[in-house]
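Results of the structural survey
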Amino acid sequence: MDLGAPYIQRALLEMLLLAVPAGVLGTWIVLRRLAFFTHAVGTASFPALVLASAWGFAPQLAAVATALGFGVAQERLERTRRVTPDAATGLLLVAALALGVVLATDVFESGASVDTLLFGSLLALSDTDLWVTAGVAAAVVLLDAGLARHWLATGFEPGSARALGLRPARADRLLLAACGAAAVITLDAVGALLVTVVLVVPAATVRLCTERLTVLRWGAIALAAVEGVAAVWLADTANVGAGPAFAVLGAAVFAVVAIWQRAPRPARRAVAP
């Protein structure tokens, strides 16, 4: 791997920046069980990315608009009280993915770019992508600093949160908005289908080893950074997509940690007095 190449430097910096929301926000995604929602927001942006690619406007704006529309549509479906949140998420996810495939292959006949939209192109990032990622990462840190107590209370003790004067509805909306923004900045690096590889897998892996919030947060940041750098090296060396490389590495590390956690521990021998 040529560290002097500008595209390698941008890819490495992007993964280090993404490690911040992967640890800070990924902790709340795992603890609050928002992995499916986060994955759905990323996948739902696929048709908007197809339109952005065909019409030549900023893909980030298209993804943000889609994330907002996805949230509104899901809330409307849930208000009917006949559709569960998971069912609403799954319905919208499948519809968006199918629409994206139809637009890419039949309407705009841009099937060659489907792989890039679905799995990202980490080695083709621009300086603008880096600035956007840095801005969202900073916003996530600020939100966590101001709302961590709210997110913890509303997630595990909603009754106590109201008694303490907290506003669970507003805090939850901001958490979902942060998840959507993090999913948007991850799209260019790993694509619409692999958003959860960055935002969920590192935090879920560290969660197997600890229950302490601080350790979980910093451990997820460190693991996401290491896996991201390794994915860039593997993508450049083996000429594979960085998103799939990150997915394989993340899954392998998660499997190793899970097996290690379940392995029987040798019993301690009693010491004779």
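Reading guide: rules and limits
- Numbers given to residues run from 1 along each chain, matching the order in which its sequence is written.
- Totals for whole chains, interfaces and linings use every residue, but because this is a predicted model, local features are given only for residues with pLDDT of at least 70 and side-chain atom pairs only at 80 or more, for both listing and counting.
- Side-chain measures were taken over the full set of non-hydrogen atoms in the model, leaving aside hydrogen atoms and water.
- Runs of E in the DSSP output that reach at least two residues are strands. Runs of H or I that reach at least four are helices, and both are numbered from the N terminus.
- Residues are treated as being in contact if the distance between any of their heavy atoms lies within 4.5 Å.
- Values of accessible area rely on a 1.4 Å probe in the Shrake-Rupley scheme; residue burial ignores everything except the protein chains shown.
- Burial classes follow relative accessibility: with a 1.4 Å probe on protein chains only, a residue under 20% of its type's maximum area counts as buried, one over 50% as exposed, and anything between as partly exposed.
- Any N or O atom pair separated by 3.5 Å or less is treated as a polar contact, with the protein-specific requirement of one donor-capable and one acceptor-capable atom, and with residues adjacent in sequence counted only for side-chain atom pairs.
- Here an angle of 0 to 180 degrees is reported between the N-to-C directions of two axes, which are lines fitted to C-alpha atoms, with helices fitted over the stretch in contact.
- Handedness of a crossing is defined here by the sense of rotation of the near helix relative to the far one, left-handed for an anticlockwise turn of less than a right angle and right-handed for a clockwise turn.
- Following the grouping adopted for this structure description, the nonpolar residues are Ala, Val, Leu, Ile, Met, Phe, Trp, Tyr, Cys and Pro, the charged ones are Asp, Glu, Lys and Arg, and the polar ones are all others, Gly among them.
- By definition here, a helix of n residues has an expected span of 1.5 Å times n minus one.
- A pairing counts as a salt bridge when a side-chain nitrogen of Lys or Arg comes within 4 Å of a carboxyl oxygen of Asp or Glu.
- Angles below 35 degrees are treated as roughly parallel, those above 145 as roughly antiparallel, those between 65 and 115 as roughly perpendicular, and all remaining angles as oblique.
- pLDDT runs from 0 to 100 and stands for how confident the predictor is about each residue.
- To define a nonpolar core, start from buried Ala, Val, Leu, Ile, Met, Phe, Trp, Tyr and Cys residues and group those joined through side-chain atoms within 4.5 Å.

1. With respect to the overall build of the protein chain
Of regular secondary structure, the protein chain possesses 13 helices and zero strands. In the protein chain, the order of α-helices and β-strands from amino to carboxyl end is α-α-α-α-α-α-α-α-α-α-α-α-α. Considering only contacts in the protein chain between residues 6 or more positions apart, those separated by 24 or more positions represent 73%. As displayed, the protein chain has an accessible area near 14200 Å², and 65% of this comes from carbon and sulfur atoms.

2. Quick look at the side chain of Thr-186
Considering the arrangement of structural elements, one finds Thr-186 in helix α9 (residues 168-190). Here Thr-186 falls in the buried class, since its relative accessible area comes to 0%. Within the structure, Thr-186 has its side chain in polar contact with the backbone oxygen of Ala-182 (distance 2.6 Å). Beyond its immediate sequence surroundings of up to four residues, Thr-186 is in contact with Leu-18, Gly-191, Val-195, Val-198 and Leu-199.

3. Points about the packing of helix α1 (residues 6-31) against helix α12 (residues 213-238)
At a minimum axis distance of 8 Å, the contact between α1 and α12 shows a crossing angle of 150°. You can see that α1 and α12 cross each other, and the crossing is right-handed. Tallied by class, the residues present in the contact of α1 with α12 amount to 20 nonpolar, three polar and two charged.

4. Notes on α12
Between its first and last C-alpha, α12 extends 36 Å over 26 residues, near the 38 Å set by a 1.5 Å rise per residue. Positive backbone phi, approximately 55°, marks Asn-239, located one or two places after α12.

5. Focus on unusual backbone geometry
For Arg-33, which is not glycine, the phi dihedral falls at a positive 60°. Tracing the backbone through its elements, the reader meets Arg-33 in the loop between α1 and α2 (35-44). Owing to a relative accessible area of 78%, Arg-33 belongs among the exposed residues under this scheme.

6. Some words on the environment of Arg-207
With respect to the helices and strands, Arg-207 occurs in helix α11 (residues 201-207). Separated by 176 residues in sequence, Arg-207 and Leu-31 have C-alpha atoms that sit 8.8 Å apart. Beyond its immediate stretch of four places on either side in the chain, Arg-207 contacts Val-30, Leu-31 and Leu-216.

7. Considerations on the pattern of salt bridges
Applying the stated criterion across every chain yields a total of one salt bridge. Residues Asp-144 and Arg-217 are paired through a salt bridge, measuring 3.2 Å at the closest nitrogen-oxygen approach. Taken together, the residues Asp-144 in helix α7 (residues 127-156) and Arg-217 in helix α12 connect sequence positions 73 residues apart. Per residue, the accessibility class of Asp-144 equals that of Arg-217, and both read buried.

8. Some thoughts on the packing of α12 against helix α13 (residues 242-262)
Between α12 and α13, the shortest axis-to-axis distance is 8 Å and the interhelical angle comes to 130°. Put simply, α12 runs oblique to α13. In terms of crossing hand, the pair formed by α12 and α13 is right-handed. Contacts between α12 and α13 pair Leu-223, Ala-224, Glu-227, Gly-228, Ala-230, Ala-231, Leu-234 and Ala-235 from the former with Ala-242, Ala-245, Phe-246, Leu-249, Gly-250 and Val-253 from the latter. For the contact of α12 with α13, a count of residues per class yields 11 nonpolar, two polar and one charged.

9. Examining the confidence of the model for the protein chain
With 75% of its residues at a pLDDT of at least 70, the protein chain reaches an overall mean of 77. Element-level mean pLDDT values for the protein chain span from 57 in helix α8 (residues 158-163) up to 92 in α11.

10. Describing the nonpolar core
With 57 residues, the main nonpolar core has Leu-25, Ile-29, Phe-70, Leu-175, Cys-179 and Val-198 as its most contacted residues. Look past the residues within four positions of Phe-70 in its chain and what remains in contact with it is Phe-37, Ala-40, Val-41, Ala-44, Thr-89, Leu-92 and Leu-93.

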